Amino acid sequence: MKKIIIFIPFILFAQNFTEIKNEIINSTKYKIQQKKIEIYQQKLNSIKAINSGKLEFSYSGVYFFDTPKMKLTTLQPVAVNNNQLIYKKVSSTLPMSDNTHYIAEIKYSYPIFSGYAISNMIKQSKLNLIKEKLKLKNLKRVLTIQAAKIYSNIYALNQQIKALKTQKEAILNSKKKAEGLYKAELLDKSNLDEIDAKYFETIAMIQNIKANKNSLLEMLSYLINKKVNKIENIKISHKNFTPNFLTRSDIKAIKQTLKIADTNIKIAKSKLYPSINFAIALKKEADTPLLDKNDYQNIDKSYAGISINYNIFDGGEIKSKIEIAKLTKLTNQLFFQDYLNQIKTEYSNLLNQYNALFYQLNSAKKEIIARQSYYEYIKAKFDEGLADVSDLTTALAKLTASKAKKEIIKSKIFFIQQQLELNKGE
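Predicted model, so just to flag it, every value in this text is computed and none were measured. (Residues numbered from 1 in each chain as written. Predicted model: local features only at pLDDT ≥ 70, side-chain atom pairs only at ≥ 80, totals over all residues. Heavy atoms only, no water.)

(A) Representation of the pattern of salt bridges in the model. Taken as a whole and assessed by the stated rule, the structure comprises 21 salt bridges. Sharing partners across several salt bridges, the network here consists of R141, R248 and D250. (Salt bridge = Lys/Arg side-chain N within 4 Å of Asp/Glu carboxyl O.)

The following block contains the structure:
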């Protein structure tokens, strides 16, 4: 009985750039930033908990190697002399507790006033959380731009391979014609050798470009954490862009930094105020583990109290910290203005490049038409034995180079267009 083997062809589906953009959230770098947001959320929860006060339980037991004693020294009359009492120092000791001592306490403490430090710490933590979320959005923008660069380079290499394959086919056709001319003794063998050399040179170029393309596909796969084997062609059109940089996530994140700097100033100033804390506790001290016996003191030592702490003198430490916080805010403000000017300049330069590339694209298209016409003219002369092989291969190489140049320009337009779109603001 014969076995029937069915081969199912493996089809590689090409991915377009929209699909690549949607896969950016699978990037390991993106997931790391997501975890950072969770960390800052927990930090916020931790600081908020301070406002709820703190309830603590403690239990301790000790064994004294020597029985705790209290020493007393008193003056006691011992005689009378001339109607005056004569005193003598008398020392005695009294036991203070047993050798074992146990303490149990349930204590609730609450910060009544902290100089507005706690409220500003909570505000700062909220701002840090917002900042991390904005950094996540900005990271997606940055990763998408990286993906666009790789994608456009892969497209350019694909088109170069396509142009070289066309060149290879043209060389093979020319070789067949050259062999006929050689047999008719209208062409030297050196011309055939030159065609062969150009053919193998073209094959080597194709293999080299394929290797570069595969490397870029690996980079793109790493970036989105998903295997990419093929990409679709790109589509470009001349667009107009209206940027609003203040809505960019990186600009918003820097604004949060300025707000955080404000809270740092307020936290530093909080040390100028007294801190007031309240505490209430149920407390027992006894000689037994069950806290039911104390021969020397009262068992119940529960209490409630308020403590006030105020810094009278610190050698200027608080003042220095306030000045540091103010200078930090000023530095952040200068950085914000410089960064805003920088992205405006970069965007303007990109826009100029973008518009210039469309002029270059139109010129490249016209160049291809001219190169194609010239190649066909030389090929016709070669077929008639009136043109040299070097003229034919040179014309073909220039035609291939002009086609590759057009596609490289298209890839640049695509990449810059993605940059302009992603960097204009949300």
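(B) Representation of the nonpolar core within the structure. By size, the foremost hydrophobic cluster in this structure holds 35 residues, and its most contacted members are I20, Y151, L220 and I231. Where this core is concerned, the elements lending two or more residues are α1 (17-22), α2 (28-48), α3 (117-183), α4 (189-224) and α7 (389-423). At 16 residues, the largest contribution of residues to this core is made by α3. Aside from chain neighbours lying at most four places away, what touches Y151 is Q15, N16, F17, I20, L220, I231, E232, N233, I234 and F414. Grouped together as the second largest cluster of nonpolar side chains are 20 residues, F245, I254, L340 and L361 included. (Core = buried A, V, L, I, M, F, W, Y, C linked by side-chain atoms within 4.5 Å. Buried < 20%, exposed > 50% of the residue type's maximum accessible area, 1.4 Å probe, protein only. Helix = DSSP H or I, 4+ residues; strand = E, 2+ residues; numbered from the N terminus. Contact = heavy atoms within 4.5 Å.)

(C) Local environment of a negative patch on the surface. A contiguous patch of negative charge on the surface is contributed by D188, E194, D388 and D391. Residue placement: D388 occurs in the loop between α6 (317-383) and α7. (Patch = residues over 30% accessible without salt bridge, like charges linked within 9 Å, V, L, I, M, F, W, Y side chains within 5 Å. Areas by Shrake-Rupley, 256 points an atom, 1.4 Å probe, with all protein chains shown as cover. Lys, Arg positive; Asp, Glu negative; His and termini not counted. Charge placed at Lys NZ, Arg CZ, Asp CG, Glu CD.)

(D) Layout of unusual backbone geometry. One non-glycine residue, Y116, adopts positive backbone phi at about 70°. Relative to the assigned elements, Y116 resides in the loop between β4 (100-113) and α3. Unusually for a residue other than glycine, N225 sits at a positive phi of about 60°. Mapped onto the secondary structure, N225 falls in the loop between α4 and α5 (249-269).

(E) Seen up close, the packing of α4 against α7. Running from N to C, α4 and α7 cross one another at 20°; their axes reach a closest spacing of 9 Å. As summarised for this structure, α4 and α7 are arranged roughly parallel, according to the angle between their axes. Every pair of crossing elements has a handedness; the one defined by α4 and α7 is right-handed. Residues N191, E194, I195 and K198 of α4 touch α7, and the partners they reach there are V389, S390, T393 and A397. (Axes fitted to C-alpha atoms, helices over the stretch in contact; angles between N-to-C directions. Parallel < 35°, antiparallel > 145°, perpendicular 65-115°, else oblique. Left-handed = near helix turned anticlockwise from the far one by under 90°.)

(F) Looking closely at α3. Counted at 1.5 Å a residue, the expected span for α3 with its 67 residues is 99 Å, and the 97 Å between its end C-alpha atoms agrees. Looking one or two residues beyond α3, the residue adopting positive phi is E185, at roughly 60°. (Expected span 1.5 Å × (residues − 1).)

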